[in-house]
Each structure stands twice: as structure tokens, then as C-alpha cells.
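Spelled out from the first residue to the last, the chains are:
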Amino acid sequence: MSMWSNVSFQNSASFTMEQMTFFYDFSFLTILMILVFVVYMMVYLTLESLIKCYDLDNQTMESFWTVLPLLILVFLAFPSIRILYLMDEMKNPMLTCKVLGHQWFWSYEYSDFSSFEFDSYMVFNLMRLLEVDNCFVIPLGLKMRLLVSSVDVLHSWTVPAFGVKVDSVPGRLNQLNFTVNRLGVYFGQCSEICGVNHSFMPIMVEVVLNQGFSVWVENSS
């Protein structure tokens, strides 16, 4: 979860979020190198008083500063397209759950189990505006598919540590996939301005081992 003076992303808990963090660091480093080069050239040209005649018509230099930006864009495009593909790839999910947004709480339904659903309301406890009475429990290491919709207004199911954010739209079924690779409890919130109690729609996800998930399902059904 976010902490005080945190200026970067939350610690990743899924493969997708790890790849997004790596790409962010890579693109930031590339942009920083371009910025340093441009600032250096501006300072150099400002302080330089001599005119070099051979630089006024240099085909090699013009070819270089035309091809180099193209190569930089290619190196940025391929990792980005790969991450987009991984976020949308929905092949052979191990567990399917349905999430419904209400004013102002969430409902969860485990589609692979018969008649297993519950509502998740915020409770006023230690973690202000983040804890709920019934948290969303998922197993570790299994590929999850979430079907997200709404019964009233626009909502958004968002968990930053998983790198997932999808709109909950009335009359429409959106889907997302992720695989969590770390145990723990993770928090998120509705990211749409859905009404007066918009800030009271927290998301609390508990990641447990497969054996613990089976026990939880048996005891909760």
C-alpha cells in the first residue's frame, strides 16, 4: 500500500505490475538521457561564438539525428506493446470471479462455485477508508479472470499493487486478468467519481495459499 513520502509505485505483487515498473524505469532513463543531451547542446551552442562551416551542410549528421529518434521510439514501442498484450491475454484462466459495483460497496461472486457471493462494505478501523468487513480472497499463483460490471453508476475496480484498473460500467461486462505472486493483504479504491460516497468504496484483497483458499471457501459457503 502507499506510504508517507512515497514518490514511486507501490511494491508490485503481480508479474504484470513488475513488467510495468521495469518499463517505467527504462523509459524514464531514456528520457533523462535525451534531456541531458539537449540541455548540453543548448548550453554549448549558447556559449559557442564560432561558426563551423562544415556543420552548415552535413548530410551524415542530418541522417544521424533523423534515424536516432526512430530507433529510440522502436526501443520504447516493443516493450510497451508486449505489456499491453500481457494485460489483455486471457488464455486458460484458473479461477473466474465477478465483481459488481454498487452505491457504495462492492459485491463479489465466485463463478466457479455454486451460490458463493458476498458484499464488501467499508468498516471504520485501523486503516482509515481502506478496510472492509469481507475482503476479496484469492489464491496465490493462479491466473485470475475478473468480470467487472455495475448495477447503478460508473465505478472503477483498482488495485495498484496488481497493476489492474478497469471501469465498472452498467450494462457492460469488462474483464481483466492477473496472477499474484506474493502473499499478503492489498488495498485499492474506486477510481471513478461515482457519487457522494465515492471515497468510501475501498477494495481489500487477501492473497492466501491454495490450501488456505480451499478451507476458506468451505467455511464460507
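If you're wondering where the values come from, they're calculated on a predicted model, not measured in any experiment. (Residues numbered from 1 in each chain as written. Predicted model: local features only at pLDDT ≥ 70, side-chain atom pairs only at ≥ 80, totals over all residues. Heavy atoms only, no water.)

A. Inspection of the sheet that holds strand E8 (residues 174–179) at higher detail. The sheet built from 5 strands is open, its strands ordered E3-E2-E1-E5-E8 with mixed pairing. The open sheet has two free edges, formed respectively by strand E3 (117–120) and E8, since each of these has just one partner strand. Here the average twist between neighbouring strands, direction ignored, is 25°. Relative to E8, strand E5 (residues 143–150) runs antiparallel, the two being bridged by 6 bridges. Bridge pairing in E8 places Leu 147 opposite Gln 175. (Pairing = 2+ DSSP bridges. Helix = DSSP H or I, 4+ residues; strand = E, 2+ residues; numbered from the N terminus. Axes fitted to C-alpha atoms, helices over the stretch in contact; angles between N-to-C directions.)

B. Broad picture of the side chain of Gln 19. Note that Gln 19 resides in helix H1 (residues 15–47). At 3.0 Å, the side chain of Gln 19 and the side chain of Arg 82 are in polar contact. In contact with Gln 19, other than residues within four places in its own chain, are Arg 82 and Ile 83. (Polar contact = N/O pair within 3.5 Å; in protein donor to acceptor, adjacent residues only side chain to side chain. Contact = heavy atoms within 4.5 Å.)

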